[in-house]
Amino acid sequence: MNRAHREGMADNPAMSIRELTPEQARVRQLAGAVLIDVREAHERAAGMAEGARGAASGELLADPALFLPLPEQEIILLCQSGRRSADAAVALSAAGYADVASVAGGTLAWRAAGLPLVQPELDAGERDFLDRYSRHLLLPQVGEAGQRRLQRSRVLLVGAGGLGAPAAFYLAAAGVGRLRIVDDDVVERSNLHRQIIHTDAGIGTAKVESARARLLALNPHIEVEAIAQRVTSGNVDALMQDVDVVLDGSDNFPLRYLLNDACIKHARPLVYAAIERFNGQVAVFDAGRRRGQVPCYRCLFPEPPPPEFAPNCAEAGVLGVLPGLAGVMQAAEALKLLLDIGQPLAGRLLRFDALGMRFRESGVHPDPDCPVCAPGRAFPGYIDYAAFCAHRG
Ligand SMILES: [Zn+2]
């Protein structure tokens, strides 16, 4: 095929691609043509044409010479139904490959024709990855690259209680590779109506150990760091180390302010939630990375309320499922931040009332005089609210 011919093809690509039936492709393959399966790895894992090489369309087209060093060789592309391989064949032809064909009907037609399929050789870890996250891999917004990104991510979960329990479960299930969970409490019977990560048998054990065991039972391929400490201004900097997202599952105001300030100091997004009785609120505070554009927690609530106006669960009560609702929303926001997809709940406060099942969103603006997140402001140091800390529920 000469250059003029190739250039002509770009004007009318649909006309220019040679399509083969699976039977014709098999004959050509056995005669020496290179057969390439251009589906994603997770699709190929379910079975691919015998003797085919795997190279996802995007990878193949990004650097064809890596897979096909000889531009004159006969190349046959195969995908699931024949569409992607036809598109890839057009692109390869345009890139200078002279003899490219696509299998009409793809692997589905290959299978229907009774031609041989093989399971690609994958080690157990790879097979587990492709099976476990198959429903994520189908989403273009996640895909294999996103799933690998989750695998490399680390989330700090402060609190293994009502909010931390569902959030940690979903983050572990979703394949977030490293969870660092900090909580100094032990499991009590009164926790179990909402803190579903703990079990009756775990009463009296450290919450972080109880949580770790359940999370690894769900997904043994992640790391769970269980830190049985109370978070203070003395250890918060170390806890923030190498963390991508911080999830606030705390149950008291001093800790909430400390986390907010630490997230600004270390430029990390904070996924916040708070619950009481039948009401909850969720937000993302990302002023650490986006100074002056989005607010921090202090922009919204400059100072903690006095303790007598800040009832905790032990005093006020809470519907068992309520922290589940809020914690799952936190997990969703954390995943979006890790994947950098969608619109984070930054600059917005989502409030809900479970009795009416009503959700209300209000805009929250950055405070230009905020003592910690105002643009150009030096970090003022951690403010000690120790007086509040004496009172935990
Ligand atoms: Zn602020």
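Note: the structure precedes this text.
Predicted model only: the values in this text are computed from it and were never measured. (Residues numbered from 1 in each chain as written. Predicted model: local features only at pLDDT ≥ 70, side-chain atom pairs only at ≥ 80, totals over all residues. Heavy atoms only, no water.)

1. A short note on the environment of Asp-353
Here is step 1 of the chain: Relative to the helices and strands, Asp-353 resides in strand S14 (residues 348-353).
Here is step 2 of the chain: Taking the C-alpha atoms as reference, Asp-353 lies 24 Å from Glu-303; in sequence the two are 50 residues apart.
Here is step 3 of the chain: In this view, Asp-353 contacts Phe-278, Asn-279 and Arg-358; residues no more than four positions away in its chain are not counted.
Here is step 4 of the chain: In this structure the side chain of Asp-353 is engaged in a polar contact, spanning 2.9 Å, whose partner is the backbone nitrogen of Leu-355. (Helix = DSSP H or I, 4+ residues; strand = E, 2+ residues; numbered from the N terminus. Contact = heavy atoms within 4.5 Å. Polar contact = N/O pair within 3.5 Å; in protein donor to acceptor, adjacent residues only side chain to side chain.)

2. Considering the nonpolar core
Here is step 1 of the chain: With 44 residues, the main nonpolar core has Val-155, Leu-157, Leu-171, Val-176, Leu-179, Ile-181 and Leu-215 as its most contacted residues.
Here is step 2 of the chain: In terms of residue count, the dominant contributor to this core is helix H18 (residues 322-339) (8 residues).
Here is step 3 of the chain: When residues no more than four places from it in sequence are discounted, the contact partners of Val-155 are Leu-171, Val-176, Arg-178, Leu-179, Arg-180, Val-245, Leu-247 and Leu-338. (Core = buried A, V, L, I, M, F, W, Y, C linked by side-chain atoms within 4.5 Å. Buried < 20%, exposed > 50% of the residue type's maximum accessible area, 1.4 Å probe, protein only.)

3. Points about the coordination of the zinc ion
Here is step 1 of the chain: Every protein donor of the zinc ion is accounted for by Cys-296 (SG), Cys-299 (SG), Cys-370 (SG) and Cys-373 (SG), and the metal-donor separations fall at 2.2 to 2.3 Å.
Here is step 2 of the chain: Classification of the site at the zinc ion rests on its 4 donor atoms, whose angles at the metal span 93 to 120°, yielding the label tetrahedral.
Here is step 3 of the chain: Donor residues binding the zinc ion come from one chain and are separated in sequence as C-x2-C-x70-C-x2-C. Each member of the pair, Cys-370 together with Cys-373, is buried. (Donors = N, O, S within 2.8 Å, 3.2 Å for Na, K, Ca; no water. Tetrahedral: all angles 85-135°; square planar, octahedral: opposite > 155°, others 65-115°.)

4. Thoughts on unusual backbone geometry
Here is step 1 of the chain: One non-glycine residue, Arg-277, lies in the positive phi region at around 55°.
Here is step 2 of the chain: In this structure, Arg-277 sits in the loop between strand S12 (270-276) and strand S13 (279-285).
Here is step 3 of the chain: With a phi close to 55°, Asp-340 is a non-glycine residue in the positive phi region.
Here is step 4 of the chain: By secondary structure assignment, the location of Asp-340 is in the loop between H18 and S14.

5. Describing the packing of helix H12 (residues 164-173) against H18
Here is step 1 of the chain: The geometry of H12 relative to H18 is characterised by a closest axis approach of 7 Å and an angle of 40° between their N-to-C directions. In terms of orientation, H12 lies oblique with respect to H18. Judged by the twist between their axes, the crossing of H12 over H18 is right-handed. Facing Pro-166, Ala-167, Tyr-170 and Leu-171 of H12, the residues of H18 in contact are Pro-323, Gly-324, Gly-327, Val-328, Ala-331, Ala-334 and Leu-335.
Here is step 2 of the chain: In the contact of H12 with H18, the residues fall into 9 nonpolar, 2 polar and no charged. (Axes fitted to C-alpha atoms, helices over the stretch in contact; angles between N-to-C directions. Parallel < 35°, antiparallel > 145°, perpendicular 65-115°, else oblique. Left-handed = near helix turned anticlockwise from the far one by under 90°. Nonpolar A, V, L, I, M, F, W, Y, C, P; charged D, E, K, R; others polar.)

6. Describing a nonpolar patch on the surface
Here is step 1 of the chain: Residues Phe-278, Leu-319, Val-321 and Leu-355 make up a contiguous nonpolar surface patch of roughly 370 Å² in combined accessible area.
Here is step 2 of the chain: Turning to its location among the elements, Leu-355 is positioned in the loop between S14 and strand S15 (358-363).
Here is step 3 of the chain: Given the relative accessible area of 63%, Leu-355 is considered exposed. (Patch = residues over 30% accessible without salt bridge, like charges linked within 9 Å, V, L, I, M, F, W, Y side chains within 5 Å. Areas by Shrake-Rupley, 256 points an atom, 1.4 Å probe, with all protein chains shown as cover. Salt bridge = Lys/Arg side-chain N within 4 Å of Asp/Glu carboxyl O.)

7. Quick look at the pattern of salt bridges
Note that side chains of opposite charge can pair when their charged atoms are close.
Here is step 1 of the chain: For the structure shown, the criterion picks out 18 salt bridges.
Here is step 2 of the chain: Of the charged contacts in the structure, one is a salt bridge between Arg-39 and Asp-37, with a shortest N-O distance of 2.8 Å. For the pair Arg-39 and Asp-37, one class covers both residues: buried.
Here is step 3 of the chain: With its nearest N and O atoms 2.9 Å apart, the salt bridge here joins Glu-126 to Arg-148. Of the two residues, Glu-126 is situated in helix H9 (residues 124-132) and Arg-148 in helix H11 (residues 143-152); the sequence distance between them amounts to 22 residues.

8. So, the sheet that holds S13
Here is step 1 of the chain: Taking strand neighbours across the sheet as the criterion, the 8 strands line up as S10-S9-S8-S11-S12-S13-S14-S15 in an open arrangement whose pairing is mixed. Strand pairing shows two members of the sheet lacking a second neighbour, strand S10 (223-227) and S15, which therefore form its edges. Taken pair by pair, the neighbouring strands of this sheet meet at an average axis angle of 15°, ignoring direction.
Here is step 2 of the chain: Here S14 pairs with S15 via 6 bridges, running antiparallel. Within the sheet, the bridge partner assigned to Leu-349 lies in S15 and is Ser-362. (Pairing = 2+ DSSP bridges.)

9. Describing helix H13 (residues 207-218)
Here is step 1 of the chain: Here H13 is 12 residues long and its end C-alpha atoms lie 17 Å apart, about the 16 Å a rise of 1.5 Å per residue gives.
Here is step 2 of the chain: Listed as buried for H13 are Lys-207, Val-208, Ser-210, Ala-211 and Leu-215. An end-on view of H13 places all buried positions within 160° of arc, on one side of the element.
Here is step 3 of the chain: Along its buried surface, H13 packs onto H12, strand S9 (178-182) and S10. (Expected span 1.5 Å × (residues − 1). Arc of directions from axis to C-beta.)

10. Regarding the packing of aromatic side chains
Here is step 1 of the chain: Evaluation of the coordinates by the stated rule reveals 8 aromatic pairs.
Here is step 2 of the chain: Between Phe-285 and Tyr-297, the ring centres sit 5.8 Å apart and the planes meet at 75°, which makes this aromatic pair edge-to-face. You can see Phe-285 sitting in strand S13 and its partner Tyr-297 sitting in helix H16 (residues 297-300), a full 12 residues away along the chain.
Here is step 3 of the chain: Here Phe-285 falls in the buried class, since its relative accessible area comes to 4%.
Here is step 4 of the chain: For the pair Phe-379 and Tyr-382, a centre-to-centre distance of 5.2 Å together with 75° between the ring planes defines the contact as edge-to-face.
Here is step 5 of the chain: Under the relative-accessibility criterion, Phe-379 is labelled partly exposed at 26%.
Here is step 6 of the chain: Among the aromatic side chains, those forming a connected cluster through ring pairs are Tyr-257, Tyr-272, Phe-285, Tyr-297 and Phe-301. (Phe/Tyr/Trp six-rings, centres within 6.5 Å; stacked < 30°, edge-to-face > 60°.)

Scope: geometric values only; no functional claims are made or implied.
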